[in-house]
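Chains, contacts and geometry: an overview
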Amino acid sequence: MQTQILERMESEVRTYSRSFPIVFTKAQGARLTAENGREYIDFLAGAGTLNYGHNHPKLQEALVEYITSNGIVHGLDMWTAAKRDYLETLEEVIFKPRGLDYKVHLPGPTGTNAVEAAIRLARVAKGRHNIVTFTNGFHGVTMGALATTGNRKFREATGGIPTQGASFMPFDGYLGEDTDTLDYFEKLLGDKSGGLDVPAGVIVETVQGEGGINPAGLDWLKRLESICRAHDILLIVDDIQAGCGRTGKFFSFEHADIVPDIVTNSKSLSAYGLPFAHVLMRPELDKWKPGQYNGTFRGFNMAFVTAAAALRHFWSDDRFERDVQRKGRIVEERFARIAASLTEMGHPASERGRGLMRGIDVRDGDIADKITSKAFENGLIIETAGQDGQVVKCLCPLVISDEDLLEGLDILERSAREAFA
Ligand SMILES: *Cc1c(COP(=O)(O)O)cnc(C)c1O
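Within any chain, residue numbers begin from 1 and follow the written order of that chain's sequence. Residue-level local features of this predicted model are given only where pLDDT is at least 70; pairs of side-chain atoms are given and counted only at 80 or more, and the full residue set underlies all totals for whole chains, interfaces and linings. Here the side-chain values reflect all heavy atoms present in the structure, with hydrogen atoms and water set aside.

Put simply, the rule is: UniProt positions are given in the numbering used here, feature names are shortened, and annotations may be inferred rather than shown by experiment.
As recorded in an unreviewed UniProt entry, the chain goes by the name Diaminobutyrate--2-oxoglutarate transaminase, listed as coming from Salinicola corii. Quoted verbatim from the Sequence similarities (unreviewed entry) field of the UniProt record, the comment on the chain reads "Belongs to the class-III pyridoxal-phosphate-dependent aminotransferase family."

Structure follows, in C-alpha coordinates:
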(Lines give C-alpha, C1' and ligand atoms only; values in the text may rest on other atoms or scores of the structure.)
Protein backbone atom coordinates (compact mmCIF):
# COMPACT_ATOMS: atom_id res chain seq x y z
CA MET A 1 0.00 0.00 0.00
CA GLN A 2 1.31 3.41 -0.96
CA THR A 3 1.37 5.63 2.14
CA GLN A 4 4.34 7.96 1.50
CA ILE A 5 2.27 10.93 0.39
CA LEU A 6 -0.01 10.57 3.40
CA GLU A 7 2.95 10.46 5.77
CA ARG A 8 4.71 13.35 4.06
CA MET A 9 1.85 15.79 3.52
CA GLU A 10 -0.62 15.32 6.34
CA SER A 11 0.08 17.25 9.53
CA GLU A 12 1.55 15.51 12.54
CA VAL A 13 -1.75 16.21 14.28
CA ARG A 14 -3.20 13.04 12.72
CA THR A 15 -4.15 10.35 15.24
CA TYR A 16 -6.12 7.28 14.19
CA SER A 17 -3.92 6.59 11.15
CA ARG A 18 -1.10 5.98 13.62
CA SER A 19 -2.98 3.10 15.21
CA PHE A 20 -4.20 1.77 11.86
CA PRO A 21 -1.52 2.77 9.32
CA ILE A 22 -3.16 1.31 6.23
CA VAL A 23 -5.32 2.75 3.46
CA PHE A 24 -9.03 1.96 3.58
CA THR A 25 -11.18 1.99 0.48
CA LYS A 26 -14.65 0.68 1.25
CA ALA A 27 -16.97 -0.05 4.12
CA GLN A 28 -20.30 -1.72 4.66
CA GLY A 29 -22.12 -2.30 7.93
CA ALA A 30 -19.55 -3.17 10.58
CA ARG A 31 -16.79 -4.00 8.11
CA LEU A 32 -14.01 -1.90 6.62
CA THR A 33 -11.99 -3.00 3.59
CA ALA A 34 -8.37 -1.99 3.08
CA GLU A 35 -6.72 -1.37 -0.25
CA ASN A 36 -5.06 -4.78 -0.20
CA GLY A 37 -8.46 -6.41 0.06
CA ARG A 38 -8.25 -7.34 3.74
CA GLU A 39 -11.45 -6.91 5.76
CA TYR A 40 -11.62 -5.58 9.29
CA ILE A 41 -14.42 -5.63 11.82
CA ASP A 42 -15.02 -2.09 13.02
CA PHE A 43 -15.42 -1.65 16.79
CA LEU A 44 -14.39 2.01 16.53
CA ALA A 45 -17.10 3.11 14.11
CA GLY A 46 -16.02 6.72 13.87
CA ALA A 47 -15.74 6.99 17.67
CA GLY A 48 -19.50 6.64 17.89
CA THR A 49 -20.39 8.37 14.62
CA LEU A 50 -21.51 5.24 12.81
CA ASN A 51 -24.16 3.84 15.13
CA TYR A 52 -26.06 2.66 12.06
CA GLY A 53 -22.92 1.24 10.44
CA HIS A 54 -21.19 2.20 7.22
CA ASN A 55 -23.38 2.93 4.20
CA HIS A 56 -26.62 1.58 5.61
CA PRO A 57 -28.65 0.61 2.49
CA LYS A 58 -31.89 2.33 3.62
CA LEU A 59 -30.10 5.57 4.36
CA GLN A 60 -27.96 5.34 1.26
CA GLU A 61 -31.09 4.92 -0.84
CA ALA A 62 -32.66 8.04 0.69
CA LEU A 63 -29.47 10.03 0.17
CA VAL A 64 -28.91 8.92 -3.43
CA GLU A 65 -32.55 9.66 -4.22
CA TYR A 66 -32.16 13.16 -2.75
CA ILE A 67 -28.93 13.90 -4.64
CA THR A 68 -30.08 12.61 -8.03
CA SER A 69 -33.36 14.54 -7.76
CA ASN A 70 -31.32 17.77 -7.34
CA GLY A 71 -32.38 18.26 -3.72
CA ILE A 72 -30.89 21.36 -2.08
CA VAL A 73 -27.40 20.58 -0.80
CA HIS A 74 -26.45 23.94 0.63
CA GLY A 75 -28.76 26.75 1.57
CA LEU A 76 -27.15 28.47 4.58
CA ASP A 77 -29.97 28.30 7.10
CA MET A 78 -32.76 28.91 4.61
CA TRP A 79 -35.90 26.82 4.91
CA THR A 80 -35.79 23.63 2.86
CA ALA A 81 -38.17 20.73 2.57
CA ALA A 82 -35.43 18.49 3.98
CA LYS A 83 -35.12 20.66 7.10
CA ARG A 84 -38.88 20.69 7.58
CA ASP A 85 -39.04 16.93 7.26
CA TYR A 86 -36.20 16.50 9.76
CA LEU A 87 -37.84 18.72 12.38
CA GLU A 88 -41.24 17.10 11.86
CA THR A 89 -39.76 13.64 12.22
CA LEU A 90 -37.72 14.60 15.28
CA GLU A 91 -40.85 15.91 16.94
CA GLU A 92 -43.09 12.98 15.98
CA VAL A 93 -40.69 10.07 16.49
CA ILE A 94 -38.45 11.29 19.30
CA PHE A 95 -39.93 14.20 21.28
CA LYS A 96 -43.62 13.31 21.48
CA PRO A 97 -43.33 9.71 22.73
CA ARG A 98 -40.87 10.93 25.39
CA GLY A 99 -42.95 13.93 26.42
CA LEU A 100 -40.12 16.32 25.46
CA ASP A 101 -40.54 19.88 24.29
CA TYR A 102 -37.41 21.44 22.81
CA LYS A 103 -36.53 24.08 20.27
CA VAL A 104 -33.72 23.18 17.91
CA HIS A 105 -30.63 25.26 17.22
CA LEU A 106 -28.68 24.16 14.16
CA PRO A 107 -25.12 25.45 14.55
CA GLY A 108 -22.12 24.43 12.44
CA PRO A 109 -21.91 20.68 11.95
CA THR A 110 -19.33 19.57 14.55
CA GLY A 111 -19.76 18.50 18.13
CA THR A 112 -17.56 21.21 19.53
CA ASN A 113 -19.66 23.78 17.68
CA ALA A 114 -22.79 22.47 19.38
CA VAL A 115 -21.08 22.63 22.77
CA GLU A 116 -19.91 26.20 22.10
CA ALA A 117 -23.46 27.17 21.23
CA ALA A 118 -24.92 25.34 24.24
CA ILE A 119 -22.66 26.89 26.86
CA ARG A 120 -22.95 30.32 25.31
CA LEU A 121 -26.72 30.05 25.30
CA ALA A 122 -26.63 29.06 28.98
CA ARG A 123 -24.52 32.15 29.74
CA VAL A 124 -26.77 34.45 27.73
CA ALA A 125 -29.92 32.98 29.26
CA LYS A 126 -28.70 33.18 32.86
CA GLY A 127 -26.47 36.25 32.69
CA ARG A 128 -23.64 34.36 34.44
CA HIS A 129 -20.32 33.34 32.96
CA ASN A 130 -19.33 30.18 34.80
CA ILE A 131 -19.96 26.65 33.55
CA VAL A 132 -19.43 23.67 35.82
CA THR A 133 -17.93 20.64 34.13
CA PHE A 134 -16.47 17.38 35.41
CA THR A 135 -13.11 15.67 35.70
CA ASN A 136 -12.35 13.51 32.65
CA GLY A 137 -15.05 15.29 30.66
CA PHE A 138 -14.51 15.74 26.93
CA HIS A 139 -16.56 18.39 25.15
CA GLY A 140 -14.45 19.38 22.15
CA VAL A 141 -11.38 21.46 21.37
CA THR A 142 -12.44 24.96 20.27
CA MET A 143 -11.64 27.54 22.96
CA GLY A 144 -15.01 27.70 24.72
CA ALA A 145 -15.60 23.96 24.67
CA LEU A 146 -11.96 23.27 25.52
CA ALA A 147 -12.39 25.13 28.79
CA THR A 148 -14.84 22.38 29.80
CA THR A 149 -12.57 19.53 28.60
CA GLY A 150 -10.34 17.97 31.25
CA ASN A 151 -7.51 16.34 29.34
CA ARG A 152 -4.22 18.26 29.59
CA LYS A 153 -3.09 17.08 26.14
CA PHE A 154 -5.80 19.24 24.56
CA ARG A 155 -5.68 22.04 27.14
CA GLU A 156 -1.96 22.57 26.59
CA ALA A 157 -2.39 23.03 22.85
CA THR A 158 -3.53 26.67 23.02
CA GLY A 159 -0.09 28.26 22.84
CA GLY A 160 -0.41 29.40 26.43
CA ILE A 161 -3.73 31.24 26.11
CA PRO A 162 -5.64 30.28 29.24
CA THR A 163 -9.02 28.66 28.84
CA GLN A 164 -11.69 30.49 30.78
CA GLY A 165 -15.14 30.31 32.19
CA ALA A 166 -15.33 26.78 33.58
CA SER A 167 -14.94 25.14 36.98
CA PHE A 168 -14.21 21.44 37.37
CA MET A 169 -16.03 19.24 39.85
CA PRO A 170 -15.25 15.57 40.54
CA PHE A 171 -17.28 13.23 38.31
CA ASP A 172 -19.18 10.31 39.82
CA GLY A 173 -16.69 7.82 41.27
CA TYR A 174 -13.72 10.18 41.02
CA LEU A 175 -13.05 10.03 44.76
CA GLY A 176 -13.75 6.33 45.16
CA GLU A 177 -16.89 4.28 45.39
CA ASP A 178 -17.88 5.45 48.85
CA THR A 179 -17.90 9.18 48.15
CA ASP A 180 -20.83 10.93 46.53
CA THR A 181 -18.93 13.66 44.71
CA LEU A 182 -22.06 15.81 44.51
CA ASP A 183 -21.75 16.47 48.26
CA TYR A 184 -18.80 18.70 47.38
CA PHE A 185 -20.59 20.52 44.55
CA GLU A 186 -23.67 21.09 46.67
CA LYS A 187 -21.62 22.31 49.61
CA LEU A 188 -19.76 24.83 47.43
CA LEU A 189 -23.01 26.16 46.00
CA GLY A 190 -24.27 26.84 49.50
CA ASP A 191 -21.02 28.40 50.71
CA LYS A 192 -20.53 32.12 50.06
CA SER A 193 -16.87 31.65 50.80
CA GLY A 194 -16.36 28.42 48.82
CA GLY A 195 -14.84 30.21 45.85
CA LEU A 196 -17.20 28.84 43.21
CA ASP A 197 -18.81 31.44 40.96
CA VAL A 198 -22.46 30.41 40.72
CA PRO A 199 -22.61 28.74 37.32
CA ALA A 200 -25.04 29.46 34.49
CA GLY A 201 -25.00 25.77 33.65
CA VAL A 202 -23.54 22.37 34.34
CA ILE A 203 -22.34 20.31 31.39
CA VAL A 204 -22.11 16.55 31.76
CA GLU A 205 -21.78 13.34 29.76
CA THR A 206 -23.98 10.62 31.30
CA VAL A 207 -21.34 8.14 30.16
CA GLN A 208 -17.97 9.78 29.59
CA GLY A 209 -16.65 8.64 26.22
CA GLU A 210 -13.14 9.97 25.58
CA GLY A 211 -12.66 10.16 29.36
CA GLY A 212 -12.68 6.36 29.60
CA ILE A 213 -16.25 4.97 29.29
CA ASN A 214 -17.27 6.15 32.76
CA PRO A 215 -21.01 5.77 33.37
CA ALA A 216 -22.43 8.18 35.92
CA GLY A 217 -24.76 6.43 38.35
CA LEU A 218 -28.43 7.00 37.58
CA ASP A 219 -29.05 8.28 41.12
CA TRP A 220 -26.08 10.60 40.81
CA LEU A 221 -27.57 12.04 37.61
CA LYS A 222 -30.97 12.47 39.27
CA ARG A 223 -29.34 14.26 42.18
CA LEU A 224 -27.35 16.47 39.79
CA GLU A 225 -30.62 17.45 38.12
CA SER A 226 -32.25 18.33 41.43
CA ILE A 227 -29.23 20.36 42.58
CA CYS A 228 -29.41 22.31 39.32
CA ARG A 229 -33.13 22.94 39.78
CA ALA A 230 -32.69 24.03 43.40
CA HIS A 231 -29.99 26.57 42.46
CA ASP A 232 -31.47 27.84 39.17
CA ILE A 233 -28.61 26.32 37.15
CA LEU A 234 -29.16 24.94 33.66
CA LEU A 235 -28.44 21.26 33.14
CA ILE A 236 -26.68 20.61 29.83
CA VAL A 237 -26.28 16.99 28.77
CA ASP A 238 -23.58 16.55 26.15
CA ASP A 239 -25.03 13.54 24.35
CA ILE A 240 -22.72 13.80 21.37
CA GLN A 241 -21.19 10.36 21.91
CA ALA A 242 -23.61 8.62 24.28
CA GLY A 243 -26.73 9.73 22.39
CA CYS A 244 -28.50 8.39 19.29
CA GLY A 245 -29.06 4.96 20.84
CA ARG A 246 -25.51 4.16 21.97
CA THR A 247 -26.53 3.38 25.55
CA GLY A 248 -29.71 1.55 24.52
CA LYS A 249 -32.06 4.58 24.57
CA PHE A 250 -32.20 7.38 22.03
CA PHE A 251 -31.03 9.90 24.64
CA SER A 252 -28.61 8.56 27.23
CA PHE A 253 -30.33 10.57 29.96
CA GLU A 254 -33.58 8.62 29.55
CA HIS A 255 -32.10 5.87 31.74
CA ALA A 256 -31.94 8.32 34.65
CA ASP A 257 -35.38 9.71 33.95
CA ILE A 258 -34.09 13.29 33.90
CA VAL A 259 -34.91 16.13 31.51
CA PRO A 260 -31.97 18.40 30.69
CA ASP A 261 -32.55 22.06 29.89
CA ILE A 262 -30.12 21.85 26.98
CA VAL A 263 -28.89 18.83 24.98
CA THR A 264 -26.13 18.56 22.39
CA ASN A 265 -26.05 15.84 19.71
CA SER A 266 -23.67 15.31 16.84
CA LYS A 267 -21.54 12.24 15.91
CA SER A 268 -24.28 9.71 14.95
CA LEU A 269 -27.01 12.32 14.51
CA SER A 270 -26.80 12.28 10.70
CA ALA A 271 -26.85 8.47 10.94
CA TYR A 272 -24.54 8.21 7.92
CA GLY A 273 -21.26 9.78 9.00
CA LEU A 274 -22.19 13.15 7.52
CA PRO A 275 -21.24 16.21 9.58
CA PHE A 276 -24.26 17.37 11.59
CA ALA A 277 -25.03 18.77 15.02
CA HIS A 278 -27.93 20.30 16.86
CA VAL A 279 -28.58 21.89 20.23
CA LEU A 280 -31.93 21.24 21.90
CA MET A 281 -33.19 23.79 24.39
CA ARG A 282 -36.27 24.32 26.50
CA PRO A 283 -38.30 26.84 24.44
CA GLU A 284 -38.12 29.63 27.03
CA LEU A 285 -34.30 29.50 26.91
CA ASP A 286 -34.21 30.52 23.27
CA LYS A 287 -32.66 33.92 23.96
CA TRP A 288 -30.72 34.10 20.71
CA LYS A 289 -31.18 37.18 18.57
CA PRO A 290 -31.34 36.51 14.80
CA GLY A 291 -27.92 35.59 13.43
CA GLN A 292 -26.14 36.02 16.75
CA TYR A 293 -24.54 32.62 16.47
CA ASN A 294 -24.10 31.83 12.81
CA GLY A 295 -22.09 29.67 10.45
CA THR A 296 -21.96 28.78 6.76
CA PHE A 297 -22.86 25.15 7.29
CA ARG A 298 -25.85 25.45 9.59
CA GLY A 299 -27.89 22.35 9.10
CA PHE A 300 -26.53 20.20 6.30
CA ASN A 301 -29.41 19.19 4.03
CA MET A 302 -27.95 15.81 3.11
CA ALA A 303 -27.65 15.10 6.83
CA PHE A 304 -31.29 16.14 7.37
CA VAL A 305 -32.27 13.51 4.83
CA THR A 306 -30.32 10.60 6.33
CA ALA A 307 -31.07 11.66 9.91
CA ALA A 308 -34.82 11.76 9.28
CA ALA A 309 -34.71 8.44 7.42
CA ALA A 310 -32.88 6.85 10.37
CA LEU A 311 -35.36 8.19 12.91
CA ARG A 312 -38.23 6.73 10.92
CA HIS A 313 -36.49 3.42 10.23
CA PHE A 314 -35.01 2.68 13.66
CA TRP A 315 -36.95 4.66 16.22
CA SER A 316 -40.63 4.34 15.35
CA ASP A 317 -40.99 1.57 17.94
CA ASP A 318 -38.82 0.09 20.69
CA ARG A 319 -37.47 -2.92 18.77
CA PHE A 320 -34.17 -1.27 17.95
CA GLU A 321 -33.46 -0.10 21.47
CA ARG A 322 -34.24 -3.52 22.90
CA ASP A 323 -31.86 -5.07 20.39
CA VAL A 324 -29.10 -2.63 21.36
CA GLN A 325 -29.64 -3.52 25.01
CA ARG A 326 -29.46 -7.23 24.15
CA LYS A 327 -26.18 -6.79 22.28
CA GLY A 328 -24.90 -4.62 25.12
CA ARG A 329 -25.38 -7.56 27.49
CA ILE A 330 -23.43 -9.84 25.13
CA VAL A 331 -20.50 -7.38 25.11
CA GLU A 332 -20.77 -6.87 28.86
CA GLU A 333 -20.51 -10.61 29.55
CA ARG A 334 -17.61 -11.14 27.21
CA PHE A 335 -15.75 -8.06 28.48
CA ALA A 336 -16.15 -9.33 32.04
CA ARG A 337 -14.63 -12.63 30.96
CA ILE A 338 -11.72 -10.94 29.18
CA ALA A 339 -11.14 -8.71 32.22
CA ALA A 340 -11.13 -11.77 34.49
CA SER A 341 -8.60 -13.60 32.36
CA LEU A 342 -6.35 -10.51 32.14
CA THR A 343 -6.54 -10.26 35.92
CA GLU A 344 -5.57 -13.93 36.19
CA MET A 345 -2.57 -13.27 33.95
CA GLY A 346 -1.43 -10.61 36.42
CA HIS A 347 -2.91 -7.57 34.67
CA PRO A 348 -5.78 -6.36 36.85
CA ALA A 349 -8.73 -5.32 34.68
CA SER A 350 -12.45 -4.60 34.96
CA GLU A 351 -15.30 -3.90 32.56
CA ARG A 352 -17.87 -1.10 32.60
CA GLY A 353 -20.32 0.79 30.43
CA ARG A 354 -23.96 1.19 29.47
CA GLY A 355 -25.68 -0.35 26.46
CA LEU A 356 -23.20 -0.71 23.59
CA MET A 357 -20.82 1.86 25.05
CA ARG A 358 -18.46 -0.41 26.94
CA GLY A 359 -14.86 -0.61 27.99
CA ILE A 360 -12.28 -2.81 29.67
CA ASP A 361 -10.11 -0.79 32.05
CA VAL A 362 -6.66 -2.41 32.09
CA ARG A 363 -5.19 0.35 34.32
CA ASP A 364 -2.23 1.00 31.96
CA GLY A 365 -2.10 2.60 28.50
CA ASP A 366 0.76 0.37 27.31
CA ILE A 367 -1.16 -2.77 28.15
CA ALA A 368 -4.25 -1.43 26.37
CA ASP A 369 -2.11 -0.57 23.32
CA LYS A 370 -0.64 -4.06 23.22
CA ILE A 371 -4.14 -5.53 23.12
CA THR A 372 -5.52 -3.16 20.47
CA SER A 373 -2.39 -3.54 18.27
CA LYS A 374 -2.71 -7.30 18.45
CA ALA A 375 -6.43 -6.99 17.65
CA PHE A 376 -5.57 -4.93 14.57
CA GLU A 377 -3.16 -7.65 13.40
CA ASN A 378 -6.00 -10.08 13.89
CA GLY A 379 -8.51 -8.05 11.87
CA LEU A 380 -10.32 -5.89 14.44
CA ILE A 381 -10.33 -2.08 14.56
CA ILE A 382 -10.66 -1.08 18.21
CA GLU A 383 -9.34 1.94 20.12
CA THR A 384 -8.61 3.08 23.65
CA ALA A 385 -9.95 5.89 25.81
CA GLY A 386 -9.21 7.41 29.22
CA GLN A 387 -6.57 9.84 30.51
CA ASP A 388 -3.77 7.30 29.90
CA GLY A 389 -5.51 5.43 27.08
CA GLN A 390 -5.98 2.66 29.63
CA VAL A 391 -9.49 1.62 28.56
CA VAL A 392 -10.11 -0.65 25.57
CA LYS A 393 -13.46 0.58 24.27
CA CYS A 394 -16.18 -0.99 22.16
CA LEU A 395 -18.21 1.44 20.08
CA CYS A 396 -19.26 -1.08 17.43
CA PRO A 397 -22.15 -0.10 15.14
CA LEU A 398 -25.46 -0.68 16.92
CA VAL A 399 -26.72 -2.48 13.81
CA ILE A 400 -23.85 -4.98 13.84
CA SER A 401 -24.97 -8.55 13.08
CA ASP A 402 -24.60 -11.10 15.87
CA GLU A 403 -22.04 -12.95 13.69
CA ASP A 404 -19.81 -9.89 13.31
CA LEU A 405 -20.24 -8.97 16.96
CA LEU A 406 -19.23 -12.43 18.15
CA GLU A 407 -16.36 -12.62 15.68
CA GLY A 408 -15.07 -9.23 16.86
CA LEU A 409 -15.32 -10.31 20.50
CA ASP A 410 -13.54 -13.59 19.70
CA ILE A 411 -10.72 -11.64 18.06
CA LEU A 412 -10.44 -9.32 21.04
CA GLU A 413 -10.40 -12.20 23.53
CA ARG A 414 -7.73 -14.04 21.53
CA SER A 415 -5.71 -10.83 21.12
CA ALA A 416 -5.76 -10.13 24.86
CA ARG A 417 -4.31 -13.64 25.42
CA GLU A 418 -1.75 -13.39 22.63
CA ALA A 419 -0.57 -9.93 23.71
CA PHE A 420 0.89 -11.45 26.87
CA ALA A 421 1.80 -14.93 25.65
C1 LIG B 1 -16.62 13.92 20.08
C2 LIG B 1 -17.22 14.70 21.19
C3 LIG B 1 -17.29 16.10 21.15
C4 LIG B 1 -16.68 16.92 20.05
O5 LIG B 1 -17.20 16.65 18.80
P6 LIG B 1 -16.36 17.08 17.50
O7 LIG B 1 -17.27 16.79 16.36
O8 LIG B 1 -15.12 16.23 17.51
O9 LIG B 1 -16.02 18.51 17.65
C10 LIG B 1 -17.94 16.74 22.19
N11 LIG B 1 -18.47 16.06 23.21
C12 LIG B 1 -18.41 14.71 23.29
C13 LIG B 1 -19.06 14.02 24.43
C14 LIG B 1 -17.76 13.98 22.29
O15 LIG B 1 -17.68 12.66 22.37
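1. Observations concerning the sheet that holds strand β12 (residues 278-281)
Condition: Two strands are said to pair when DSSP picks up at least two bridges between them. Strands are runs of DSSP state E lasting at least 2 residues, helices are runs of H or I lasting at least 4, and numbering of each runs from the N terminus. Geometry is summarised by axes, namely lines fitted to C-alpha atoms with helices restricted to the contacting stretch, and by angles between N-to-C directions that run from 0 to 180 degrees.
Sheet architecture is open: seven strands sit in the order β4-β12-β11-β10-β7-β5-β6, paired in mixed fashion. Looking along the sheet, the strands with just one partner apiece sit at the ends: β4 (103-105) and β6 (166-169). The sheet shows a mean angle of 25° between the axes of neighbouring strands, direction not considered. Pairing of strand β7 (residues 201-204) with strand β10 (residues 234-238), which is carried by four bridges, proceeds in the parallel orientation. Of the residues in β10, the one forming a bridge with Gly-201 is Leu-234.

2. A few points about the site of the ligand
As a reminder of what qualifies: The criterion for a residue being near a molecule or strand is simple. One of its heavy atoms has to lie within 4 Å of it. Identification of polar contacts relies on pairs of N or O atoms within 3.5 Å, with a donor-acceptor requirement for protein atoms, meaning one able to donate a hydrogen and the other able to accept it, and with residues adjacent in sequence counted only if both atoms are side-chain atoms. Note on areas: Shrake-Rupley, 1.4 Å probe, and residue coverage restricted to the protein chains presented here. The nonpolar class holds Ala, Val, Leu, Ile, Met, Phe, Trp, Tyr, Cys and Pro. Asp, Glu, Lys and Arg form the charged class, and all remaining residues, Gly among them, are polar.
The local shell around the ligand consists of Thr-110, Gly-111, Thr-112, Phe-138, His-139, Gly-140, Glu-205, Asp-238, Ile-240, Gln-241 and Lys-267. One of the backbone nitrogen or oxygen atoms of Gly-111 is found 2.8 Å away from an oxygen atom of the ligand. Lys-267 is positioned with one of its side-chain polar atoms (N or O) 2.7 Å from an oxygen atom of the ligand. Here the ligand, which alone exposes 380 Å², has 82% of that area covered by the protein. Residues belonging to the shell around the ligand are distributed by class as follows: two nonpolar, six polar and three charged.

3. Quick word on the packing of aromatic side chains
The line we're drawing: Stacked, tilted and edge-to-face are the three classes assigned to paired rings of Phe, Tyr and Trp, where Trp is represented by its six-membered ring and a pair needs centres within 6.5 Å; plane angles under 30 degrees give stacked, over 60 edge-to-face, the rest tilted. Exposure categories follow from relative accessible area, calculated using a 1.4 Å probe and restricted to protein chains: below 20% of the type maximum is buried, above 50% is exposed, and the middle band is partly exposed.
The full count for this structure, using the stated rule, is 19 aromatic pairs. Between the aromatic rings of Tyr-86 and Phe-276, the centroid separation amounts to 5.3 Å while the plane-to-plane angle is 70°, which identifies the pairing as edge-to-face. Of this pair, Tyr-86 sits in helix α5 (residues 81-98) while Phe-276 sits in the loop between β11 (262-265) and β12, and the two are 190 residues apart along the sequence. Ring centres of Phe-134 and Phe-171 lie 6.1 Å apart, and the angle between their planes is 70°; on these two criteria the pair is classed as edge-to-face. One end of the pair, Phe-134, is in strand β5 (residues 131-134); the other, Phe-171, is in the loop between β6 and α9 (182-189), with 37 residues separating them in the sequence. Per residue, the accessibility class of Phe-134 equals that of Phe-171, and both read buried. Pairwise contacts between aromatic rings join Tyr-52, Phe-250, Phe-251, Phe-253, Phe-314, Trp-315 and Phe-320 into one cluster.

4. Section: the pattern of salt bridges
Rule in force here: Salt bridge criterion: a side-chain nitrogen from Lys or Arg within 4 Å of a carboxyl oxygen from Asp or Glu.
Evaluated as defined, the whole model comprises 36 salt bridges. Notably, a salt bridge pairs Lys-393 with Glu-210, separated by 3.6 Å at the nearest N-O pair. Highlighted residues: Lys-393 in strand β17 (residues 391-394) and Glu-210 in the loop between β8 (207-208) and β9 (214-215), separated in sequence by 183 residues. For Lys-393, a relative accessible area of 1% gives the class buried.

5. As for the nonpolar core
Selection rule: Here, nonpolar core refers to any group of buried Ala, Val, Leu, Ile, Met, Phe, Trp, Tyr and Cys residues whose side-chain atoms link them within 4.5 Å. The source of the domain bounds is an automatic or database domain assignment. Any pair of residues with heavy atoms lying within 4.5 Å of one another is described as a contacting pair.
In terms of nonpolar packing, the biggest core is built from 89 residues, with Phe-43, Tyr-52, Phe-185, Leu-224 and Leu-412 touching the most fellow members. Among the elements that line this core, the one with the most residues is helix α11 (residues 301-315), at 11 residues. Two domains each donate at least three residues to this core, and these are domain 1 (3-55 + 318-419) and domain 2 (71-315). The residues touching Phe-185, leaving out its near neighbours within four places in the chain, are Val-132, Met-169, Leu-196, Val-202, Leu-224, Ile-227 and Ile-233.

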